[in-house]
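Tertiary structure, described
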Amino acid sequence: MAEALKPLNTLVYALTAALWDLAGEGSKAIARQVGRELYERLIKEHADLSSLERALESTCKAYVDKLKVCEDASFTLKGDLIEVKISRPIIAEALKMLTEKGIPPVFCPYANLLVAMLEDVTGSSYDIKSIERVSEHETLIVLEKVA
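The following refers to the structure shown. (Residues numbered from 1 in each chain as written. Predicted model: local features only at pLDDT ≥ 70, side-chain atom pairs only at ≥ 80, totals over all residues. Heavy atoms only, no water.)

**Description of the sheet that holds strand E2 (residues 81-87)**
Heads up, the condition is: If DSSP finds at least two bridges between two strands, the strands pair. Think of it this way: any DSSP run of H or I at least four residues long counts as a helix, any run of E at least two long counts as a strand, and we number them from the N terminus. Here an axis means a line fitted to C-alpha atoms, over the contact stretch when the element is a helix, while the angle between two N-to-C directions is reported on a 0 to 180 degree scale.
If you walk across this open sheet you meet the 4 strands as E1-E2-E4-E3, and the pairing is antiparallel. The open sheet has two edge strands with one neighbour each: strand E1 (72-78) and strand E3 (126-135). Across the sheet, the mean angle separating the axes of adjacent strands is 20° when strand polarity is ignored. Note: E3 against strand E4 (residues 138-145), 8 bridges, orientation antiparallel. Bridge pairing in E4 places Ile-131 opposite Ile-141.

Here's what the structure looks like:
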């Protein structure tokens, strides 16, 4: 991991681990609200929210070009599931440390921001079905429409 990103990864790891230790499954509600705040402050005014596809496309583009939090981001629609692949996320090391400790990455800002955006655009509820590191440089987020 680049030395410049070590403090950020440590912060994300520490916040997630502490939330999980204190609140367990309840920490998901806190992380969900964090995602809402990130969406409102960083994405909403810059995203094309005219359709689900355009919203996903512009959010992925913002991750790469505006926020510079990953090298690439893409999505695939699969019925009620949305798969988002994040290439070289800047918090990859935090995800690795959480996985090694058996802590679910409930504080994943990429996933929680996407949930807020999807709910805003579609009016439906979404949950994070899974977040997994599929290779050394790629993370796959699977979101599921629940209502």
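**Digging into unusual backbone geometry**
Going by this rule: Categorising residues by exposure relies on relative accessible area from a 1.4 Å probe, with only protein chains included: less than 20% of the type maximum marks a residue as buried, more than 50% marks it as exposed, and the intermediate range marks it as partly exposed.
Positive phi is not limited to glycine here, since Lys-68 has a value of about 55°. Tracing the sequence through the fold places Lys-68 in the loop between helix H3 (52-66) and E1. Positive phi values are uncommon outside glycine, yet Arg-88 reaches one of about 50°. Owing to a relative accessible area of 41%, Arg-88 belongs among the partly exposed residues under this scheme.

**Some points on the packing of helix H1 (residues 6-23) against helix H4 (residues 92-101)**
The following threshold applies: If you view the pair so one helix is near and one far, a crossing is left-handed when the near helix is turned anticlockwise from the far one by less than a right angle, and right-handed when it is turned clockwise. Throughout, a contact is declared for two residues whenever any of their heavy atoms are within 4.5 Å. Three classes are used, and their members are as follows: Ala, Val, Leu, Ile, Met, Phe, Trp, Tyr, Cys and Pro are nonpolar, Asp, Glu, Lys and Arg are charged, and the others, Gly among them, are polar.
Remark: H1 packs on H4, axes separated minimally by 8 Å, with the N-to-C direction vectors making an angle of 35°. Seen along the crossing, H1 lies across H4 with a hand that is right-handed. Facing Asn-9, Val-12, Tyr-13, Thr-16 and Ala-17 of H1, the residues of H4 in contact are Ala-92, Glu-93, Ala-94, Met-97, Leu-98 and Lys-101. In terms of residue class, the contact of H1 with H4 is built from 7 nonpolar, 2 polar and 2 charged.

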